[in-house]
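Here is what each chain is made of, one letter per residue.
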Amino acid sequence: MVPTLHLVDHALLSHRLAELRDVATPSPRFRRLLAEIGALLTMEATRGLPVATRTVTTPLTPMQHAVLAAPEPVLVAVLRAGLGLMEGAMQVMPEAPVGHVGLVRDEHTLQPSQYMLRMPPEVTTRGAILFDPMLATGGSAAAAIARVKEAGAPAVRFVCVVAAPEGVARLAAAHPDVPIYTAALDEKLDHRGFIVPGLGDAGDRCFGTEG
Ligand code: PRP
């Protein structure tokens, strides 16, 4: 077992993932499900954020209450499919700054190439949570995390929906300091680098484009 891997086991998550995987699920529903899954995974990925104690006065009495000790981390979408997943994270962390890393994987070599990078300055103090539904070979995630670290992030978390064992191993080797949160650890990659059983091409299913 990879020590950085967190397999999130939750009935609500599993129920949505079943529908997300279904080939008959249309794009609008796929996007909605991805956002809901993003919110649920974000709850788990942020469970350990440091808290401090503050005095809160209720209508009846003052009390000591746990609150976040530091501002929320930067949310980073790995384009394109990460946009759909991050939508849910933005619902539960509406104050968090947002960054984008644009990567596309060559369908033959499976190597990712970068076409954009936008990172808010807060990343240097707050760290980042990256979102990409698919962790296949791990090339895209490893490259995206490298970009965010180069931008100065002191701590990084990675959130995906479906991971292949190959991708988990590669990411853990490249970034052993980065926890990986996933709703599912699937069986394998096929000869095209697709996760099996997986859910197909998340970007295309999200936005209704062809592969
Ligand atoms: C897919 C997916 C990941 C990447 C995973 O994106 O969303 O970013 O491939 O593959 P890897 O782990 O082998 O690198 P894709 O390149 O198809 O771009 P898209 O999101 O724009 O469709």
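Residues numbered from 1 in each chain as written. Predicted model: local features only at pLDDT ≥ 70, side-chain atom pairs only at ≥ 80, totals over all residues. Heavy atoms only, no water.

Student: Explanation requested: the pairing of strand E4 (residues 74–79) in the structure shown.
Tutor: For a regular strand, side-chain orientation follows a simple rule: the groups alternate between the two sheet faces. Taken across its 6 residues, E4 has 6 buried, putting it largely inside the fold. Alignment of E4 against strand E7 (residues 128–131), held across 4 bridges, turns out to be parallel. In the sheet register, Ala77 faces E7, and the bridge partner there is Phe131. In this structure, E4 lies alongside strand E5 (residues 98–105), joined through 5 bridges in parallel fashion. Across the sheet, the residue bridging to Val76 is Gly99, located in E5. (Buried < 20%, exposed > 50% of the residue type's maximum accessible area, 1.4 Å probe, protein only. Helix = DSSP H or I, 4+ residues; strand = E, 2+ residues; numbered from the N terminus. Pairing = 2+ DSSP bridges.)

Student: How do you make sense of the side chain of Ser140 when you look at a structure like this?
Tutor: Mapping Ser140 onto the fold places it in helix H5 (residues 139–150). Leaving out residues up to four positions away in the same chain, Ser140 has contacts with Leu103, Arg105 and Pro112. (Contact = heavy atoms within 4.5 Å.)

Student: Looking at this structure, I do not really get helix H1 (residues 11–21). What am I missing?
Tutor: Because an α-helix completes one turn every 3.6 residues, residues spaced three or four positions apart along the sequence face the same direction. Every buried residue belonging to H1 is among Leu13, Leu17 and Leu20, and all of these are buried. The arc enclosing the buried residues of H1, seen along the axis, measures out at 60 degrees, which places them on a common side. H1 presents Ala11 and His15 as exposed residues on the side facing more than 90 degrees away from its buried surface. (Arc of directions from axis to C-beta.)

Student: I would appreciate a short explanation of the site of the ligand in the present structure.
Tutor: Near the ligand lie 16 residues; those nearest to it are Arg80, Arg105, Asp132, Thr137 and Ser140. Take Ser140: an N or O atom from its side chain is 2.6 Å from an oxygen atom of the ligand. The set of elements that each furnish at least two residues to the shell around the ligand consists of E5, strand E8 (134–135) and H5. For the shell around the ligand, the leading source of residues is E5, giving 3 residues. Taken together, the residues that form the shell around the ligand break down as 7 nonpolar, 5 polar and 4 charged. (Near = heavy atom within 4 Å. Polar contact = N/O pair within 3.5 Å; in protein donor to acceptor, adjacent residues only side chain to side chain. Nonpolar A, V, L, I, M, F, W, Y, C, P; charged D, E, K, R; others polar.)

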